[in-house]
Amino acid sequence: MVLALPPLSTQLLERDVNVGTYSKASGLDENAVNPQSFTRIDMDDWARLCLDAIDTFLSPTVSGAVYLLDQDLLKRVLQSKKDLAGAISGKLKPVLKGAQAVQVSEAVEKLRQRLLMELSQAYTVNAVVQYPIGFAQSGQGMRLYGSPVFKGSESPGQPYSLSNAKLSPENSSSLSFLFSTQTARKEPFVELDLDFKTTHLEYDIQENDLFKGYQASSWLSFVLPPEGQPLGSAQIPIVLRDSPEAPVLLRQDARQSDDIPSGMSALEMLEVATGWDYLVRYNQRLSAQDWLQVEIQFNLPESAQARGAAGMDLLDALAAFHFHWSALRADLQNLLAPIDAKSIATLPESALQEASHALQAFERLVRNVAETWAAWTPPKPALVGAENAKTAKIFAVREFSPQNSSKLRVESKDLNEEAFADIPDPVVLVGPEETPPSQLNPAGHDYAILYSEANAQPFRALSFEKLNVLAYQNALAAIYLSRNEELISGKKSNEDFVYYTPQTRFPYPVIPLLNNDIEVDIGSLLPGKNPLVNYLAEFFKKLLDKVHLPGQEKAITLQLDCSYAYRLANDPAQPLIRLPIVLVPPYEFRLDGPQADFLVNATSLAGQLAREIVEWEEAEQPAPGNAQARLVFDVAVFSTISQSRQPVLRLRNVVLGLGNVSFSV
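K.L.:
Can you walk me through the packing of helix H9 (residues 532-544) against helix H10 (residues 605-620) in this structure?
P.N.:
Axes are the key here: two packed helices are described by the angle between their axes and the distance separating the axes. The N-to-C vectors of H9 and H10 enclose an angle of 140 degrees; their axes lie 9 Å apart at closest approach. The angle between H9 and H10 places the two elements in the oblique class. In this structure, H9 meets H10 at a crossing whose hand is right-handed. Here H9 contributes Leu-532, Val-533, Leu-536, Ala-537 and Phe-540 to the contact with H10, which in turn contributes Leu-605, Ala-606, Gly-607, Leu-609, Ala-610 and Ile-613. Tallied by class, residues from the contact of H9 with H10 come to ten nonpolar, one polar and no charged.

K.L.:
Sorry, what's going on with the nonpolar core here?
P.N.:
What tends to happen in soluble globular proteins is that the nonpolar side chains get buried as a cluster. Residues Tyr-278, Leu-470, Phe-539, Phe-540 and Phe-633 are the most contacted members of the largest nonpolar core, which totals 83 residues. At nine residues, H9 tops the list of elements feeding residues into this core. In contact with Phe-633, other than residues within four places in its own chain, are Leu-536, Asp-561, Cys-562, Leu-609, Ile-613, Leu-651, Arg-652, Asn-653, Val-654 and Leu-656. The next biggest cluster of nonpolar side chains, apart from the first, holds 62 residues, and it includes Leu-8, Ala-85, Ala-107 and Tyr-123.

K.L.:
Would you mind showing me how to read the packing of aromatic side chains here?
P.N.:
Each aromatic ring pair is specified by the distance between its two centres and by the angle formed by the two planes. In this structure the tally under the stated criterion is 19 aromatic pairs. On the basis of an interplanar angle of 20 degrees and a centroid distance of 4.3 Å, the ring pair of Phe-57 and Phe-362 is categorised as stacked. Placement of Phe-57 in helix H1 (residues 43-57) and of Phe-362 in helix H7 (residues 349-373) is noted, with a sequence separation of 305 residues between them. Take Phe-57: its relative accessible area is 4%, and that puts it in the buried class. Their ring planes at 20 degrees and their centres at 6.2 Å tell us that Tyr-131 and Phe-177 sit as a pair that is stacked. Residue Tyr-131 is found in strand E7 (residues 127-132), and its partner Phe-177 is found in strand E11 (residues 174-181); the two are separated by 46 residues along the sequence. Linked through ring pairs, Phe-57, Phe-321, Trp-325 and Phe-362 together constitute an aromatic cluster. In this arrangement the basic side chain of Lys-413 is found over the ring face of Trp-291, its NZ or CZ atom lying 4.2 Å from the centre.

K.L.:
Is there a simple way to think about the sheet that holds strand E20 (residues 427-430) in this case?
P.N.:
In a beta sheet, neighbouring strands are held together by backbone hydrogen bonds and run either parallel or antiparallel to one another. Strand order in the open sheet formed by four strands is E15-E16-E23-E20, and the pairing between neighbours is antiparallel. Each having just a single partner strand, strand E15 (248-256) and E20 make up the two edges of the open sheet. When the angles between neighbouring strand axes are averaged without regard to direction, this sheet yields 25 degrees. With eight bridges joining them, strand E16 (residues 275-283) and strand E23 (residues 459-468) adopt antiparallel strand pairing. Directly across from Trp-276, in E23, lies its bridge partner Leu-467.

About the cut-offs
Residues numbered from 1 in each chain as written. Predicted model: local features only at pLDDT ≥ 70, side-chain atom pairs only at ≥ 80, totals over all residues. Heavy atoms only, no water. Axes fitted to C-alpha atoms, helices over the stretch in contact; angles between N-to-C directions. Helix = DSSP H or I, 4+ residues; strand = E, 2+ residues; numbered from the N terminus. Parallel < 35°, antiparallel > 145°, perpendicular 65-115°, else oblique. Left-handed = near helix turned anticlockwise from the far one by under 90°. Contact = heavy atoms within 4.5 Å. Nonpolar A, V, L, I, M, F, W, Y, C, P; charged D, E, K, R; others polar. Core = buried A, V, L, I, M, F, W, Y, C linked by side-chain atoms within 4.5 Å. Buried < 20%, exposed > 50% of the residue type's maximum accessible area, 1.4 Å probe, protein only. Phe/Tyr/Trp six-rings, centres within 6.5 Å; stacked < 30°, edge-to-face > 60°. Lys NZ or Arg CZ within 6 Å of the ring centre and 35° of its normal. Pairing = 2+ DSSP bridges.

Following this line, the structure appears as structure tokens:
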């Protein structure tokens, strides 16, 4: 079992706080109106600063002068330290989701005793590790003391440290010790094989009537310590308790998926011509505990977002301490430095008064922190996609180096498989050159570049490839980092340990504008010679068959014109001469029901357009036998979502040879 202190907040906060005023001349006035706006608050950074300040204040070099000036105030600060040790250690929780601690109180007390020595140990102790222990025979009124050690060596040359531990054969069922590491950012967990070496025996344990809460006892040290008892292998998840640096969105782009080569069929041409890639470019700095979370929303109308605030709590207390600490620290250093047992009687009253004001301000600010710590409940983050669970595609992406390899590997997992099931996992492009993966494997993307090189280069691009422009008419990305979410593969962490950076998103969706001039011969869509209306209906059907706009009417805006094109003397070397036939202004093209405009009937757009062209053919009687003669359509499809006047798709060269057409309606 592994327990740790959860972060005070797993997200950066913001708050308007009335911090009061302070000066060495008048002291601290908490009721004075002095509102301050704080943004991007890392609660644990503020708490770490406060606990360090208390430890420094109670160090021998400072507390001696404080004792001479105000013994009662020193006692109150010591009491606040004791209260904080209890409040902080009382927050211990199992790191892994669903885990049940055997002896939480024993682990809490182990950490509390460490914090009574130094409060700042709250941020150097990474975890409290518990092993279940059984005794073949109970021992009355005694305890065993010793240390967990790395199997086969007490000095393994590893950057880990383990505290000593005690065993009570009378009432203990677990062994608890503190674990610390210097390489927390490089590894999400460590696996250690440990023994327990007993060094001392405590006995004759009695309650102390003189000092309440303390016990008197006698000790024996083993001349020949017993051999170490194996504890077995332990997987210790390493929680990072600082807010991750939020990834920075740089820009988003829409681009044609592929160049369109010649030799494709009309269907293949349409597939490629309507495909686009959505690229999200960003900067990131990742630790081993981080996952990049990506939310993509498609087909968005214009929209907005919001935030909120809270009442008096630990955040307010830390904000006031943080705001006043710089001035207060300088005053304490300057005012307390000249005070010792000899000088105090000769110092001017004004200097003693200013020192007293500084001490009282410090004590009051510390007491506010101590009184609000135990009741603090971290605000729950609004998870990305929570409000868009059915309409957003959400992926998690991480980078690592596989075992026995120095190369980069990127894994992604689809967190919302129900939404937009045809959207492929993103491809991660690395560095300003946007290096793609060198090969694909079932676990993710492998790269030719070294992991260390990639990790030193923060530039990334996510590419969502081959999106049909008529199915996905715009896209908007939001990203954030989660930290500590899955420290051991396949084992979710307790939510209280999981950080989420603020979600950052682009202000507006990107709208693809695909402009294609390549020839698409729709004569190949049907065999033999067919009426014009059949070709047009089949073209519209194939072009628009992938349109699926959730929550939208089954209609799309379309504009087109048709020209007659031919070459003089039937010479392929001559340029095409184009004569306009008909122009269809922006038109709401129906995709469903009995009036669907790709149906072969007189009332559909296909039918009306065919009739106009047939009437032109009957009136103009274009010269027969010209093999180069053709109908050329310029088709523009507009978004049904945005108010953009530009089409999302332009097909400038859709052709139908006159030799394929039977001119009848």
